[in-house]
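Each chain is listed here by its residues.
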Amino acid sequence: MVDVLVIGSGIAGTAAALALHKAGVRVSVHEAHPDSGADIGAFLTLAGNGMTALAQFGADKEVARHGFRLTAMRLTDGSGAEIATSPLGRAEDPLSRYRCMRRAALCRALRSEARRRGIEVRHGRRLASAVETAGGVAATFSDGETVEGDLLVGADGLGSVVRPLIDPGSVPRRYAGQNIFYGYSTRADPPHTSERIEMIRGSASSFGYAVSPEGETSWFARLPGDELPTAEINGAPPEHWRRHLLDTLRADTTPAADIVAATDGPAMVTNAYDLPVGGTWHTRRMLVIGDAAHAASPATGQGASMALEDAVVLAKALRDTDSTAAALSAYDRLRRVLVEGNTQRSAEMTRGTAHRGRVTPPNGSALKGDQHLDRHMAWHDRLPVADT
């Protein structure tokens, strides 16, 4: 029996706790935020590989209740002309069906499942330091309490506290060259088809939207530009970013500008970041997963799905190997090529968008560069830890 301390209760951390618990590991989750740790967040598309990962630790049904299905994607240009329409997932396989939901809703669903299973999640627990010992790791929190375990898993996102403990020379996050805008509207009534996400390759932007069965329109826009200072993001008047975005979108004849104009509340904005590939993910007793290890810009739409896959492979690695060291080594080898490939693809797509307004739909199957991925995910199959 292994004792694991998970730092962070976001998507990666809570999913890891659920998968580890199913694998028979004793696990506790420590979240710095005093309550949920999640704001409203942008909407996301959870791809088929993410839903498949959720099913391995029994959270797919709970998560599915918090979103709606997407079965197709249509791509149009700045004049409104259709470029292509393609299916998302396979109609005969429920686990391949994409789901659209808010990031905070996915977090709530995972936390609800963790509570149901009796997994300990402690809030207001900001990690101050962690030291490897002869038999494990000792984590000290800002309240002065020290907790010991066999393994510490950093699932604390792009600004990870754990990552520099593992890799003191790690490069900080880097700006990916885009500002990301997003919002929600119950007043917009754009052209749409049920269960379809609309992607618009604009003259100077990438825009996407989906309409829920209840009629709420969720949208995002990616615009190339300089990195926005935090003070400017937080200090601008509520209508500032909406006006800035509309100035760009109105150059095209698409529904994008009308959707933004009809948005309930202000348009929200953030910067797109990623992490350089090739970093160190683990020591003997500490590991980073999810965005803390391999954050990608949002162009591929795979961030959440990759984090869910991480959770499954980590749990199986600890289950199917005879030591923590062997488990971490196997995890690193089996995950690195796939997730770093996603980071690189997303960066290339982001650069292409900045130059040509390119939009590529989220597509989990296109990211399956590892021929053994199905064996990695299938819970009842042993992890191929001896593969090269």
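Only a predicted model underlies this, so the values are computations on that prediction, with no experimental measurement involved.

Conventions used here
Residues numbered from 1 in each chain as written. Predicted model: local features only at pLDDT ≥ 70, side-chain atom pairs only at ≥ 80, totals over all residues. Heavy atoms only, no water. pLDDT = per-residue confidence, 0-100. Contact = heavy atoms within 4.5 Å. Pairing = 2+ DSSP bridges. Helix = DSSP H or I, 4+ residues; strand = E, 2+ residues; numbered from the N terminus. Axes fitted to C-alpha atoms, helices over the stretch in contact; angles between N-to-C directions. Core = buried A, V, L, I, M, F, W, Y, C linked by side-chain atoms within 4.5 Å. Buried < 20%, exposed > 50% of the residue type's maximum accessible area, 1.4 Å probe, protein only. Domains from an automatic or database assignment. Salt bridge = Lys/Arg side-chain N within 4 Å of Asp/Glu carboxyl O. Arc of directions from axis to C-beta.

Participant: I tried to follow the confidence of the model for the protein chain on my own but got confused; where do I start?
Facilitator: Should the pLDDT be low somewhere, the predicted coordinates at that spot are not to be read in detail. This prediction gives the protein chain a mean pLDDT of 90; 91% of its residues lie at or above 70. Confidence over residues 353-372 falls short of pLDDT 50; this stretch has 52 contacts with residues more than four positions distant or in other chains.

Participant: Just to check I follow, could you spell out the pairing of strand 9 (residues 127-132) for this structure?
Facilitator: Looking down a regular strand, the side chains alternate between one sheet face and the other. As paired elements, strand 9 and strand 10 (residues 137-141) share five bridges and run antiparallel to each other. For Val131, the partnering residue across the bridge sits in strand 10 and is Ala138.

Participant: I'm lost on the sheet that holds strand 10 in this one. Help?
Facilitator: As a general point, the strands of a sheet are linked pairwise by backbone hydrogen bonds and lie either parallel or antiparallel. On the basis of which strands lie adjacent, the open sheet formed by three strands has the order 9-10-11 and antiparallel pairing. At either margin of the open sheet sits one strand with a lone partner, and together these are strand 9 and strand 11 (146-149). The average angle at which neighbouring strand axes cross in this sheet is 20°, direction not considered.

Participant: Hey, could you run me through the nonpolar core in this one?
Facilitator: Burial of nonpolar side chains together is a common tendency in soluble globular proteins. Residues Leu20 and Phe57 are the most contacted members of the largest nonpolar core, which totals 69 residues. The greatest single-element share of this core, amounting to 11 residues, is contributed by helix 10 (residues 303-320). Apart from the residues lying within four places of it in its own chain, the contact partners of Leu20 are Val4, Val6, Val25, Val27, Leu314, Ala315 and Leu318. With 23 residues, the next largest nonpolar core counts Tyr209, Ile233, Ile259 and Val269 among its residues.

Participant: Mind showing me how you'd approach the domain arrangement of the protein chain here?
Facilitator: Interfaces are often sized by the amount of accessible area the parts lose when they come together. Looking at the assigned domains, one finds that the protein chain contains domain 1 (3-67 + 101-173 + 275-377) and domain 2 (175-273). Each of domain 1 and domain 2 has a C-alpha centre, and the two are 27 Å apart.

Participant: Would you take a moment to explain the sheet that holds strand 8 (residues 120-123) for this structure?
Facilitator: One open sheet accounts for five strands, arranged 8-2-1-12-18; its pairing is parallel. In this open sheet, the two edge strands, each paired with only one partner strand, are strand 8 and strand 18 (286-288). Between one strand axis and the next, the sheet turns by 20° as a mean value, whatever way the strands run. Packing against the sheet, helix 1 (residues 11-22) makes contact with strand 1 (3-7) and strand 2 (26-31), and its axis sits at approximately 170° to strand 2.

Participant: Can you help me understand the pairing of strand 16 (residues 217-224) in this one?
Facilitator: Among the eight residues that make up strand 16, seven are buried, leaving the element largely enclosed by the rest of the structure. Bridge count for strand 13 (residues 174-185) against strand 16 is eight bridges, and the pairing is antiparallel. In the strand pairing of strand 16, Tyr182 is matched with Phe220. Pairing between strand 15 (residues 206-211) and strand 16: six bridges, direction antiparallel. From the neighbouring strand, Ala210 faces strand 16, where its bridge partner is Ser218. Counting the residues in the hairpin turn of strand 15 and strand 16 gives five residues, including Gly215, whose phi is positive at 95°.

Participant: Looking at this structure, how should I read the pattern of salt bridges?
Facilitator: Where side chains of opposite charge bring their charged atoms close, a pairing between them can arise. Under the criterion given, the structure shown has 23 salt bridges. Arg125 serves as the salt-bridge partner of Glu145, at 2.7 Å between the closest nitrogen and oxygen. Of this pair, Glu145 sits in the loop between strand 10 and strand 11 while Arg125 is found in the loop between strand 8 and strand 9, placing the two residues 20 residues apart along the sequence. For Glu145, a relative accessible area of 31% gives the class partly exposed. Several salt bridges share partner residues, and in doing so they unite Glu120, Arg122, Arg125, Asp143 and Glu145 into one network.

Participant: Can you walk me through helix 7 (residues 240-249) in this structure?
Facilitator: Restricting attention to buried positions, one finds in helix 7 the residues Trp241, Arg242, Leu245, Leu246, Thr248 and Leu249. Each buried residue of helix 7 sits inside an arc of 160° when the element is viewed along its axis, so together they form one side. Among the structural elements, strand 13, strand 15, strand 16, helix 6 (230-235), helix 8 (256-261) and strand 17 (268-274) are those in contact with the buried residues of helix 7.

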